[in-house]
Amino acid sequence: MSFTTVERPSARLNRSQLFVPGVRPPLFEKAAASEADVICLDLEDAVAPADKPQARTNIIAALKTTNFGRKSISVRINGLDTHWCYRDVVDIMEQAGERLDLIMIPKVGVAADVYAIDMLITQIETAIGRKKPVKLEVIIESVLGLNNIDAIAGASKRLESLHFGSADFAASARMRTTNIGGSNADYVMLTDKDSNGRRETHWADLWHYPIARMVHAARAHGLRPIDGPFGDYSDADGYNTQARRTAVLGCEGKWAIHPSQVALANAVYTPPLAEVKRAQEILVAMKDGAAKGMGAVALNGRLIDLASIRQAEVIVQQMQMIRDQTGS
Ligand code: COA
Ligand code: MG
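Quick summary incoming for the structure in this document. Here the structure is a predicted model, which is why all the values come from computation and not from measurement. (Residues numbered from 1 in each chain as written. Chains lettered and ligands numbered in written order. Predicted model: local features only at pLDDT ≥ 70, side-chain atom pairs only at ≥ 80, totals over all residues. Heavy atoms only, no water.)

**Describing the pattern of salt bridges**
Let me state the cut-off plainly: By definition, a salt bridge exists where a carboxyl oxygen of Asp or Glu is found within 4 Å of a side-chain nitrogen of Lys or Arg. By definition, any uninterrupted DSSP run of H or I lasting at least four residues is a helix, any uninterrupted run of E lasting at least two residues is a strand, and each is numbered from the N terminus. Note on classification: 1.4 Å probe, protein chains only; a residue is buried when its accessible area is under 20% of the maximum for its type, exposed when over 50%, partly exposed between these limits.
Under the definition given, this model contains 21 salt bridges. The residue Lys 107 makes a salt bridge to Asp 45 at a minimum N-O spacing of 3.2 Å. Linking Lys 107 in the loop between strand S4 (102–105) and helix H4 (111–128) with Asp 45 in the loop between strand S2 (38–42) and helix H2 (52–65), this pair joins segments that are 62 residues apart in sequence. Note that Arg 245 and Asp 205 form a salt bridge whose closest N and O atoms lie 2.9 Å from each other. In this pair, Arg 245 sits in helix H9 (residues 236–249) while Asp 205 sits in the loop between strand S8 (201–203) and helix H8 (208–220), placing the two residues 40 residues apart along the sequence. With a relative accessible area of 34%, Arg 245 lands in the partly exposed category.

Here you go:
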């Protein structure tokens, strides 16, 4: 390990994050009754400009009256390039009460974007005597944000998670795709010809680079990396495949832009029982090995060593948090 240690991420369950437009209050109760770990009440792109004030009023009322149980509640504010942003922060922070857990900042481009919102929140919390500090989550969804991601990830003690927003990112990079978080038939590789002259087309993951970059920046600062939206909510297989890839890369959860995606996310980002069992076996085998003075041992014909303990602990700890927080 480096002499610089990274503090462990805060233990908030974030497998599924269900978005609800602030202009559809009947959905608030349905979201509250869902199995989502986090609910994000949206003031930004799911709300038309003329409806922003009404959406704020709806969200403030919901935060005071709706029983969201043990779920974490986030509000996505408008970006710092809009004139709605300051009023979102001021009204929500001053009027919504203690139930609010998180504020999500979209389209973060530089660390000072986070600093500015932190400053506003801090002043309001002090002024109103709020007991529990509101935490921050930011969306990386522009090439500017991805370029500055390391500074952004270290910009505030309130920051808990980084999220990847594929649609705005694609627009910002001028990528030739309109798919939200899915595949693209032009982003493929052709294999070399086999002995019969045949070639295969292999679909590739056009989101791999920004998501991997986000995972590494987030983890280097002790934050949770969260995969963003998958727009085609009729395509459960597509969602599942994307989620499984990002779970392997290190993401802790994924957005749900329709309730049908919540169960998919919860299933994928709960470590599979076989993985948990193997992790537990590794810890037992390494403990036995240590008792015999061995740092590397064999388990089922495969090498495990001290690094395996750290890999196994990640899985076991994640599973323990899920059990603690879901009571299952
Ligand atoms: N939260 C909670 N419940 C929701 C919901 C949500 N986001 N979206 C839909 N539902 C409910 C519907 O009310 C309906 O309930 P019912 O069976 O009791 O009638 C059920 O789930 C099925 O909904 P469906 O008819 O398939 O969807 P819809 O046409 O009403 O809405 C969307 C589809 C995509 C417009 C809607 O899901 C939505 O607004 N999602 C969030 C979008 C968002 O916030 N985007 C910003 C982040 S990218
Ligand atoms: Mg966006």
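**Section: the pairing of strand S1 (residues 16–21)**
Operational definition: Whether two strands pair comes down to DSSP finding at least two bridges between them. By convention, a crossover is right-handed whenever its connection, traced from the first strand over the helix to the second and viewed with the strands pointing away, goes clockwise.
Among the six residues that make up S1, six are buried, leaving the element largely enclosed by the rest of the structure. Judged by which residues are buried, S1 turns out to be covered on both faces: Ser 16, Leu 18 and Val 20 on one side and Gln 17, Phe 19 and Pro 21 on the other are all buried. As judged from the five bridges shared by S1 and S2, these two strands associate in the parallel manner. Opposite Gln 17, over in S2, you have Val 38 as the bridge partner. Note that the unit made of S1, helix H1 (residues 25–32) and S2 has a crossover that is right-handed.

**Re the packing of aromatic side chains**
Formally: We call Phe, Tyr and Trp rings a pair once their centres come within 6.5 Å, taking the six-membered ring for Trp, and we label the pair stacked below 30 degrees between planes, edge-to-face above 60, and tilted otherwise. Cation placement over rings: the criterion is NZ of Lys or CZ of Arg within 6 Å of the ring centroid and within 35° of the ring normal.
Evaluated as defined, the whole model comprises four aromatic pairs. Aromatic pair Phe 19 and Trp 255: ring centres 4.2 Å apart, planes at 40 degrees, arrangement tilted. Of this pair, Phe 19 sits in strand S1 while Trp 255 sits in strand S10 (residues 253–256), and the two are 236 residues apart along the sequence. Pair check on accessibility: Phe 19 and Trp 255 agree, each one buried. Where Phe 230 meets Tyr 239, the ring centres are 6.1 Å apart and the plane angle is 85 degrees; that geometry is what we call edge-to-face. Pairwise contacts between aromatic rings join Phe 164, Phe 169 and Trp 207 into one cluster. We note Lys 52 situated over the ring of Trp 84; from NZ or CZ to the ring centre the distance is 4.9 Å. The cationic tip of Lys 254 hangs over the ring face of Tyr 239; the distance from NZ or CZ to the ring centre is 5.3 Å.

**Structural notes on the layout of surface pockets**
Put simply, the rule reads: The way it works is a 1 Å grid over only the protein atoms, where trapped points that fit a 1.4 Å probe form a cavity and open points with protein on both sides within 12 Å along at least five of seven lines form a pocket, and then any residue with an atom within 4 Å of a point lines it. Grid points are joined across faces, edges and corners, and a volume is the space filled by probe spheres set on the points.
In this structure, the largest pocket encloses a volume near 1600 Å³. What lines the largest pocket is a set of 45 residues, among which Arg 219, Gln 311, Val 314, Ile 315 and Gln 318 lie closest to the centre. At the level of elements, H8, H9, helix H10 (260–268), helix H11 (273–291), strand S12 (302–304) and helix H12 (306–326) are the ones that each hand at least two residues to the lining of the largest pocket. Here the element with the most residues in the lining of the largest pocket is H12; it accounts for 11 residues.

**So, H12**
In plain terms, the rule: Working rule for helices: expected span equals 1.5 Å times residues minus one. It only takes one pair of heavy atoms within 4.5 Å for two residues to be counted as in contact. We call two N or O atoms a polar contact when they sit within 3.5 Å, provided that within protein one can donate a hydrogen and the other can accept it, with sequence-adjacent residues counted only if both atoms are side-chain atoms.
With 21 residues, H12 should cover 30 Å at 1.5 Å per step; its first-to-last C-alpha distance of 31 Å lies within 8% of that length. For H12, the set of buried residues is Ser 308, Ala 312, Gln 318, Met 319, Met 321 and Ile 322. Those residues of H12 hidden inside the fold are in contact with H11 and S12. Between a side-chain oxygen at the N-terminus of H12 and the backbone nitrogen of Ala 307 the separation is 3.0 Å; the capping residue is Asp 305. Phi turns positive, to about 70 degrees, at Gly 327, one or two residues after H12.

**Concerning the coordination of the magnesium ion (ligand 2)**
As a reminder, the rule being used: With water excluded from the atoms, a metal site may look incomplete; its donors are any N, O or S atoms within 2.8 Å, or within 3.2 Å for Na, K and Ca.
Only Glu 141 (OE) and Asp 168 (OD) from the protein reach the magnesium ion (ligand 2) as donors, at distances of 2.0 to 2.2 Å. A residue pair is termed long-range when its members are at least 10 positions apart, and Glu 141 in the loop between strand S5 (135–140) and helix H5 (143–147) and Asp 168 in helix H7 (residues 166–172) qualify at 27 residues. Overall, the relative accessible area of 25% leaves Asp 168 in the partly exposed class.

**Considering the site of ligand 1**
Stated formally: Think of it this way: one heavy atom of a residue within 4 Å of a molecule or strand is enough to make that residue near it. Polar here means any residue outside two lists: the nonpolar Ala, Val, Leu, Ile, Met, Phe, Trp, Tyr, Cys and Pro, and the charged Asp, Glu, Lys and Arg; Gly therefore counts as polar.
Taken together, 15 residues lie around ligand 1, and Phe 19, Arg 24, Lys 30, Ile 257 and His 258 are the ones closest in. In this structure, an oxygen atom belonging to ligand 1 sits 3.0 Å away from a side-chain N or O atom of Arg 24. Ile 257 places a main-chain nitrogen or oxygen 2.7 Å from a nitrogen atom of ligand 1. The set of elements that each furnish at least two residues to the shell around ligand 1 consists of S1 and H1. Considering each element in turn, the shell around ligand 1 owes the most residues, four residues, to S1. Its residues placed into classes, the shell around ligand 1 shows 10 nonpolar, one polar and four charged.

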